[in-house]
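Survey of secondary and tertiary structure
In case you want the letters, here they are:
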Amino acid sequence: MNPLKGVVAGFIATVVLSILMIIKAFSHWLSAFNAIEAIHRLTGGLLVMGWVGHFVIGAILWGVLFALLYRRLPGNRGLVRGIVFGLFAWLAMMLLFLPVTGYGFFGIAIGWPLIGFTLAMHIVYGSVLGMSYASLTGQR
């Protein structure tokens, strides 16, 4: 268990996720939802606080929690454990973050495409997180 390496892996995964979020923004697909703006609204600060919050959640909060739970997660490889963790993070988003930001449980205020999109993004995040952490710690 190495929380610092969890933060590094979380940072790497958050960078990948951020690139995909920027591509989504430029494509204007699912424009009714922007996680950075939602975090910004919660903080009541500058838009940069949305990005800061995004990295704090993705790198520090989820990174440390992943490192602490790594050996307890199902699967025998970092990739599988990362995907399982990504599903947990997605469920937390659906049940906690989206309702608090006014989108409702599972983002029902926006509709079904949000569920699939955020699920795919969290699977990518978890995959990168798990593979990065396994690589950094010399595990599988």
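Quick look at the structure, then.

What follows concerns the environment of Trp62. Among the structural elements, Trp62 can be located in helix H3 (residues 47-69). A relative accessible area of 15% means that Trp62 is categorised as buried. Each C-alpha atom of the pair Trp62 and Gly126 lies 9.7 Å from the other, and the pair is 64 residues apart in sequence. Among all residues touching Trp62, those that are not within four sequence positions of it are Ile57, Phe85, Phe88, Ala89, Ala92 and Tyr125.

For the structure shown, the criterion picks out nine aromatic pairs. Pairing Phe11 with Phe55 gives two aromatic rings, centres 5.5 Å apart and planes at 45 degrees, and the pair type is tilted. With a gap of 44 residues between them, Phe11 in helix H1 (residues 3-27) and Phe55 in helix H3 connect regions that are remote in the sequence. Accessibility expressed as a relative area gives 45% for Phe11, which makes it partly exposed. On the basis of relative accessible area, Phe55 is assigned to the partly exposed category, the value being 24%. Seen in terms of ring centroids, Phe85 and Phe88 are 5.8 Å apart; in terms of plane orientation they differ by 45 degrees. Their pairing is tilted. A residue pair is termed a helical-turn pair when its members lie 3 or 4 positions apart in one helix, as Phe85 and Phe88 do in helix H4 (residues 78-100) at three residues. We classify Phe85 as buried; its relative accessible area is 1%. With a relative accessible area of 42%, Phe88 lands in the partly exposed category. Each residue in the set Trp62, Phe66, Tyr70, Phe85, Phe88 and Tyr133 is aromatic and connected to the rest through ring pairs, giving one cluster.

Here is what the cut-offs are and how they apply
Residues numbered from 1 in each chain as written. Predicted model: local features only at pLDDT ≥ 70, side-chain atom pairs only at ≥ 80, totals over all residues. Heavy atoms only, no water. Helix = DSSP H or I, 4+ residues; strand = E, 2+ residues; numbered from the N terminus. Buried < 20%, exposed > 50% of the residue type's maximum accessible area, 1.4 Å probe, protein only. Contact = heavy atoms within 4.5 Å. Phe/Tyr/Trp six-rings, centres within 6.5 Å; stacked < 30°, edge-to-face > 60°.

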